[in-house]
Amino acid sequence: MVRFEGISKTYPAYRGKPGVNALENIDFAIPRGSITGVIGRSGAGKSSLVRLINGLEKPTTGRVIVDGNDISALAGRELRLAQRSIGMIFQHFNLLSSRTAADNIALPLEIAGWAKADIKARVSELLALVGIADKHDRYPSELSGGQKQRVGIARALATRPSVLLSDEATSALDPQTTRAILDLLANINRELGVTIVLITHEMSVVRQLAREVVVLDAGRVVESGHVADIFTHPKHPITQSFLAEVIGDSLPVSLASRIMAEPPVGGQAVIRIQVRGARAGDTVVARLARELGLDVALLSARIDEIGGQHVGSLVIGIPGRGDVQARVLAWLSQHQFPAEHLGHVA
Ligand SMILES: Nc1ncnc2c1ncn2[C@@H]1O[C@H](COP(=O)(O)OP(=O)(O)OP(=O)(O)O)[C@@H](O)[C@H]1O
């Protein structure tokens, strides 16, 4: 378990540049064995947060507790020992180009003073775990991005850490390779019980892998909790903007180009409904039609699944009369479906 207690981090003024409050009032815990996403825009403080977990940075105030140790209070040999239980993987892999895959993975074990025969056995085991047993003698330049990250993951796991930190580990990979690496991390979490902390600016990464999420903005935690809860009821604008990346607020061009402000005779009013929660998308259109006795046209739908919950938006067309529109919006509000009137189509 990782716990932040009253953390702030200020980088001091330097050569005429002002000081930066990178993190303020950070108090939260990352449950043992969880996969927790830390999501935020560039400069939100994600890297600063992750460097506090492995003791690469010291907090200005507060403590970071990792597996019962106050990592922020350790230095020298004690810190190096504690760091063995915290693995890390990076966006650009950080492999040594002069070493083979096997020798890169062996490095932390050599530093920890393992015997040669034990290192050999452990490296073979790790190469198999990450699915590249055949790349033992390959140099990084001979490996694809995904294979390099597999070497990075094996190296990070070499000393059997309890926590694995991932700092934008899939940001340099194509979508298919990203999916494969995220699947590997999910397996590692399941099979080894390693707590995974995912630093990312990509909602798709959080959605695919994390069960818990912490949303950072300007050095503060603006929301945290279960992925499904946070993204089915996002409160903070930054959380809403991450959600919009997945479900999309934009209308199909063919529909958007037809929407007009004034109702044409015999046209339809266009209403966008936000859908949150299991099966909500299936039922809202049918219930509207049945309960209000209306013809409802489904003009566009985008529904995704986050943490097992449906999240998305439906765009419907209803008879364009003002009184019908008012009844529909009242019904949606009464049943707690956020909705907005976008205009009219002929
Ligand atoms: N060593 C440092 N010295 C001075 N300022 C720093 C240092 N490291 C980070 N900062 C500043 O602290 C703030 C938070 O940076 P941090 O790298 O933690 O954010 P981030 O969310 O990881 O951003 P990105 O996604 O762009 O890497 C930024 O304003 C950054 O400029």
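Anything mentioned here points back to the structure above.
Here the residue numbering is sequential within each chain, running from 1 through the sequence in written order. With the structure being a predicted model, the display of local features is reserved for residues of pLDDT at least 70 and the display and counting of side-chain atom pairs for 80 or more, all residues being used for whole-chain, interface and lining totals.

A. Molecular detail of the sheet that holds strand β12 (residues 297-306). When DSSP finds at least two bridges between two strands, those strands are taken to pair. Helix and strand definitions here come from DSSP, where helices need a minimum of 4 consecutive H or I residues and strands a minimum of 2 consecutive E residues; each element is numbered from the N-terminal end. Ordered in space as β12-β13-β11-β14, the four strands form an open sheet in which the pairing is antiparallel. Pairing within the sheet leaves two strands with one partner each, and these edge strands are β12 and β14 (339-345). Neighbour to neighbour, the strand axes of the sheet diverge by 15° on average, direction disregarded. Strand direction decides the pairing type here: strand β11 (residues 268-276) and strand β13 (residues 309-319), joined by nine bridges, are antiparallel. Pairing of V270 across the sheet is with G317, part of β13. Between the N-to-C directions of two axes lies an angle of 0 to 180 degrees, each axis being a line fitted to C-alpha atoms and, for a helix, fitted only over the stretch in contact.

B. Just the site of the ligand, in detail. Only the C-beta atom matters for nearness: placed from the backbone, it must lie within 6 Å of the molecule or strand for the residue to count as near. In the region of the ligand, the neighbouring residues are Y11, V20, A22, G40, S42, G43, A44, G45, K46, S47, S48 and H201. When contributions to the shell around the ligand are tallied by element, the ones reaching two or more residues are β2 (20-30) and α1 (46-53). Among the elements that line the shell around the ligand, the one with the most residues is α1, at three residues. Looking at the shell around the ligand, its residues break down into four nonpolar, seven polar and one charged. Under the convention adopted here, Pro, Cys and the residues Ala, Val, Leu, Ile, Met, Phe, Trp and Tyr are nonpolar, Asp, Glu, Lys and Arg are charged, and Gly plus all remaining residues are polar.

C. Summary view of α1. The exposure scheme places C-beta atoms from the backbone and then counts, for each residue, the other C-beta atoms within 10 Å of its own, assigning buried at 20 or more, exposed at 12 or fewer, and partly exposed in between. The element α1 is extensively covered by neighbouring structure, given that six of its eight residues are classed as buried. Those residues of α1 that sit buried are K46, S48, L49, V50, L52 and I53. Positive phi appears at G55, one or two residues downstream of α1, with a value of about 75°.

D. Quick look at the sheet that holds strand β5 (residues 69-70). One open sheet accounts for four strands, arranged β2-β1-β4-β5; its pairing is antiparallel. Among the strands making up the open sheet, the edge pair consists of β2 and β5. Pairing of strand β1 (residues 2-11) with strand β4 (residues 61-66) involves five bridges; the strand directions are antiparallel. Across the sheet, E5 pairs through a bridge with R63, a residue of β4. Contacts are defined on C-beta atoms placed from the backbone: any two residues whose C-beta positions lie within 7 Å are in contact. Contacts from α1 reach β1, β2 and β4 within the one sheet, and its direction differs from that of β1 by about 120°.

E. Seen up close, the nonpolar core. I53, I105, A154, V197 and L198 are the most contacted members of the largest nonpolar core, which has 83 residues in total. What counts as a domain boundary in this text is fixed by an automatic or database domain assignment. Two domains share this core, each providing at least three of its residues, namely domain 1 (2-246) and domain 2 (253-345). Setting aside residues up to four positions removed in sequence, V197 forms contacts with V2, I30, T36, V38, V50, I53, V163, L165 and S166. Joining buried Ala, Val, Leu, Ile, Met, Phe, Trp, Tyr and Cys residues through C-beta atoms within 7 Å gives a set, and that set is a nonpolar core.

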